[in-house]
Amino acid sequence: MKKSCPFWIPLILGAVLAQPASAQRIDSPYRFLDHSQFLGGFGGYTWLSDGRIGLGPEPAPLLGVGWSIRVSGPFAVALDIGYMPTTRVVRDTAFVAADSTFQQTGESDVRLVTAMANLRFNLTGARTWHGVQPFALLGAGAAVDFGGGSAADLALQPNMRFDMGTSFAGQLGAGIDWFPSSRVSIRLDARNMLWKLDVPEAFRLTDAGRELPGSEWEQNFALAAGLSIHF
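About the criteria used
Residues numbered from 1 in each chain as written. Predicted model: local features only at pLDDT ≥ 70, side-chain atom pairs only at ≥ 80, totals over all residues. Heavy atoms only, no water. Phe/Tyr/Trp six-rings, centres within 6.5 Å; stacked < 30°, edge-to-face > 60°. Helix = DSSP H or I, 4+ residues; strand = E, 2+ residues; numbered from the N terminus. Buried < 20%, exposed > 50% of the residue type's maximum accessible area, 1.4 Å probe, protein only. Salt bridge = Lys/Arg side-chain N within 4 Å of Asp/Glu carboxyl O.

Draft legend 1. Quick peek at the packing of aromatic side chains. Going through the model one piece at a time under the given rule, you end up with 5 aromatic pairs. Here phenylalanine 102 and phenylalanine 203 contribute two aromatic rings whose centre-to-centre distance is 4.9 Å and whose plane-to-plane angle is 85°, an arrangement assigned as edge-to-face. A residue pair is termed long-range when its members are at least 10 positions apart, and phenylalanine 102 in strand 5 (residues 101-122) and phenylalanine 203 in the loop between strand 9 (184-198) and strand 10 (215-230) qualify at 101 residues. Like phenylalanine 203, phenylalanine 102 is buried.

This is the structure in structure tokens:
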């Protein structure tokens, strides 16, 4: 007669072979962010364009602060203020014969401040991918020189003096926020900033016989890193 299998053997095999439900979970590389704002500081370097005749500000370090709030899905609005301490060359309308550039007569301090309102687009929305949130931004605002003039400027005729004053400014940029913790991020970004440099009246007809416009739009490149607190 064929013997039947003891009833307890299938029970033991079932207990051994059974897999807990948790072992079937697939971890996602995405992590949702449970905060909507951040406040932080940043620093970097800017390669500033001094214009066709070399009157604008020279390349400079960059320091700044920024704030952002998420408004809908992947979109956020942000405000940032940047400060660039640098110098500019003071020139008169005499030419240097060797290279036909305008003669340098001195230097003047530049205390350039930018204030920008930005629309930020987070590529991963309100979450990170492996702890990283890439973004792009588009902004507009103003660039202001608080440096004033110098003795070299005062030595020139009024129609030769360069004054950046206040100019409309825009920027286009992209970067990443890396989150070592849920409330802290380290940011790296690159930006192309645009603003206007006025050409003094005395220089407009003396650039090697070419007539210059009254102003020039210049592109300026910036690289920066920063630390932000999210709340």
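Draft legend 2. A look at the pattern of salt bridges. Tallied over the entire structure, the rule returns 8 salt bridges. Note that arginine 191 is salt-bridged to aspartate 80, the shortest N-O span being 3.0 Å. Highlighted residues: arginine 191 in strand 9 and aspartate 80 in strand 4 (residues 75-96), separated in sequence by 111 residues. Pair check on accessibility: arginine 191 and aspartate 80 agree, each one buried. A salt bridge links arginine 88 to aspartate 153; the shortest N-O distance between them is 3.0 Å. Within this pair, whereas arginine 88 is found in strand 4, its partner aspartate 153 is found in helix 2 (residues 151-154), the two being separated by 65 residues in sequence. No difference in accessibility class separates arginine 88 from aspartate 153, as the two residues are buried. Each of Asp80, Arg187, Asp189 and Arg191 takes part in salt bridges that share partners, so that together they form one network.

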